[in-house]
Amino acid sequence: MYHRPRITVGLLLLAATLLPALSFAAETLAATRDLTATTTGLAALGIFVLAYLLVMAEEFTHLRKSKPVILAAGVIWAMIALAYRDTGDSHIVEAAVRHNLLEYAELMLFLLVAMTYINAMDERNVFAALRSWLIKKGFSLRQLFWITDLLAFFISPVADNLTTALLMCAVVLAVGGNNPRFVLVACINIVVAANAGGAFSPFGDITTLMVWQKNIHTPEGVIDFWAFFSLFVPALVNWFVPALLMSLTVSREKPDTDEAPVRMQFGGGIIIGLFLATIVTAVSFHSLLQLPPVVGMLTGLSYLQFFGFYIKMRERQGRPDQNGAIGSPVAFDVFRHVARAEWDTLLFFYGVVVCVGGLGFIGYLTLVSQVMYTGWGPTEANITVGLLSSVIDNIPVMFAVLTMLPDMSEGQWMLVTLTAGVGGSLLSIGSAAGVALMGQARGVYTFFGHLKWTPVIALGYAASIAVHFWINAHLFD
């Protein structure tokens, strides 16, 4: 079953500090007013902080995280509209909101297609079959430690870091569930590997997707799809350094397993191929035709729709698959997989984008940009972004950087992409993968259990930054 991702949040004051704004045309930006010290600005900031407090308390209140931020988004922009109503500049507020909605719509539709493919693969037992194969191979605990980490690192660039971490954790629990020490170390390294793998691919994490779709111009040119793969070696180092040290604590014993084997249903392999074809389509539309990547992704969704129609006809005719099974009594339906998308996450993303867009419109972006990117410098600011990502969800943090759009080299943009992606590994609450595994391996993989290994993970974090400066030095010119 595909688990719903949970977006992590962190320190309240730090969240209030990194509040992004919108990118406007020069004439629109000039027409906006600084409301940071007014009643409207302070009240809007307080509403966002309150909404984020409710998001942070989701584990205890069971109130879905999308609800408070959606409400806050509407209230914040209503307050802004009232502040501009008597100035005759209401059209500026309307244009700003529409700009927010356009940015969100592109990302939401892109993610919706990816989630639909993942759910379709899950329904065809693609992930269950991989898990069953790993369990039945009889690997030792140390071998399983390395195999699950390697798979997490190389699957997450395509299947996203959360799905990958949940899959690998299921394998670890099934094989080594009676060995808490092994489960703890394996879960920690799965989180590190999944986050690192997601950092060097536009499809591995929402933040990398945001950077790619932003179409950022640097002195070296536009950051394209292939630029992200310059982070492969730094990301590999980020995972390998702590993995090597952690592996020394894992025994070589072979656990016993008695789970029944699971086989992939008809069409699972083809759906994987169609997903890869969809990625190629999105990249080609963006790189060759200068169209938004979401157009290519939606085109790729039609591949699944046509193949889903074929599966539906086949199953209605009662034709057996390669395993001899006749097929599910419930016909394959692509729109059922669309409905199973993580709507709470998508709506939370809407609330965050619109809320922080409104706060940025008020003027808080200018304050943050002056302190971090003008006062500290891009290197210090980008490394700090990674540290903040360990306690604050990296989506609003990266959205803040993207809406500031500081004038940086391609190397610096890749640095902030790397740090925002892997910084969440420093704490168990720093990424959706970590939070999800705390629930999946409840009582074994814990916040304080992860915290004991934070110095080792920080060593990998520092090493990955150093390697990035070394092998990608030409990107900083």
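Just so it is clear, the model here is predicted, and its values are computed rather than measured. (Residues numbered from 1 in each chain as written. Predicted model: local features only at pLDDT ≥ 70, side-chain atom pairs only at ≥ 80, totals over all residues. Heavy atoms only, no water.)

Draft legend 1. Spatial organisation of the overall build of the chain. Looking only at helices and strands, the chain features 23 helices and two strands. When the 477 residues of the chain are sorted by exposure, 56% land in the buried category. For the chain, restricting intrachain contacts to residue pairs at least 6 apart in sequence, the fraction spanning at least 24 positions comes to 83%. Accessible area of the chain: about 19300 Å², with a carbon and sulfur share of 66%. (Helix = DSSP H or I, 4+ residues; strand = E, 2+ residues; numbered from the N terminus. Buried < 20%, exposed > 50% of the residue type's maximum accessible area, 1.4 Å probe, protein only. Contact = heavy atoms within 4.5 Å. Areas by Shrake-Rupley, 256 points an atom, 1.4 Å probe, with all protein chains shown as cover.)

Draft legend 2. Geometry of the nonpolar core. Core analysis: the largest hydrophobic core is formed by 140 residues, its most contacted members being Phe-182, Met-210, Phe-349, Tyr-373, Leu-437 and Tyr-445. In terms of residues, this core owes the most to one element, helix α6 (residues 90-123), which gives 16 residues. When near neighbours in sequence (up to four residues on either side) are disregarded, Phe-182 contacts Leu-141, Leu-144, Phe-145, Val-172, Gly-176 and Val-250. (Core = buried A, V, L, I, M, F, W, Y, C linked by side-chain atoms within 4.5 Å.)

Draft legend 3. Inspection of the environment of Ile-362 at higher detail. Take Ile-362: it is sitting in helix α16 (residues 343-362). Ile-362 sits in the buried class, given a relative accessible area of 0%. Each C-alpha atom, one on Ile-362 and one on Thr-38, is 9.5 Å from the other, the two residues being 324 residues apart in sequence. Those residues in contact with Ile-362 that sit more than four places away from it in its chain are Arg-33, Asp-34, Leu-35, Thr-36, Gly-41, Ala-44 and Ile-80.

Draft legend 4. Region of interest: the packing of helix α10 (residues 180-199) against helix α12 (residues 232-247). One can describe the packing of α10 onto α12 by two numbers: an axis separation of 8 Å at closest approach and a directional angle of 170°. With respect to each other, α10 and α12 are oriented roughly antiparallel. Contacts between α10 and α12 involve Val-185, Ile-188, Asn-189, Val-192, Ala-193 and Ala-196 from the former and Ala-235, Asn-238, Trp-239, Pro-242, Ala-243 and Met-246 from the latter. (Axes fitted to C-alpha atoms, helices over the stretch in contact; angles between N-to-C directions. Parallel < 35°, antiparallel > 145°, perpendicular 65-115°, else oblique.)

Draft legend 5. Structural detail: the side chain of Thr-281. Tracing the sequence through the fold places Thr-281 in helix α13 (residues 268-289). Leaving out residues up to four positions away in the same chain, Thr-281 has contacts with Gly-296, Thr-299 and Tyr-303.

Draft legend 6. Molecular detail of unusual backbone geometry. One non-glycine residue, Asn-125, lies in positive phi territory at about 65°. As for its placement among the helices and strands, Asn-125 is situated in the loop between α6 and α7 (126-136). By relative accessible area, which is 22% here, Asn-125 ends up partly exposed.

Draft legend 7. Broad picture of the packing of α10 against helix α20 (residues 410-422). At their nearest, the axes of α10 and α20 sit 8 Å apart, and the two run at 155° to each other. The orientation of α10 with respect to α20, classified from their angle, is roughly antiparallel. Between α10 and α20 lies a crossing of right-handed hand. Together, Asn-195, Ala-196 and Ala-199 of α10 and Thr-417, Leu-418, Gly-421 and Val-422 of α20 make up the contact between the two elements. Here the residues of the contact of α10 with α20 sort into four nonpolar, three polar and no charged. (Left-handed = near helix turned anticlockwise from the far one by under 90°. Nonpolar A, V, L, I, M, F, W, Y, C, P; charged D, E, K, R; others polar.)

Draft legend 8. Inspection of the pattern of salt bridges at higher detail. Scanning all chains against the criterion turns up two salt bridges. For Arg-98, the salt bridge is made with Glu-94, and the minimal N-O distance between the two is 3.1 Å. With Arg-98 and Glu-94 both in helix α6 and four residues apart, the pair spans about one turn of that helix. Taking the relative accessible area as the measure of exposure, Arg-98 reaches 56% and is therefore exposed. Given the relative accessible area of 43%, Glu-94 is considered partly exposed. With a closest N to O distance of 2.8 Å, Glu-123 and Arg-124 form a salt bridge. (Salt bridge = Lys/Arg side-chain N within 4 Å of Asp/Glu carboxyl O.)

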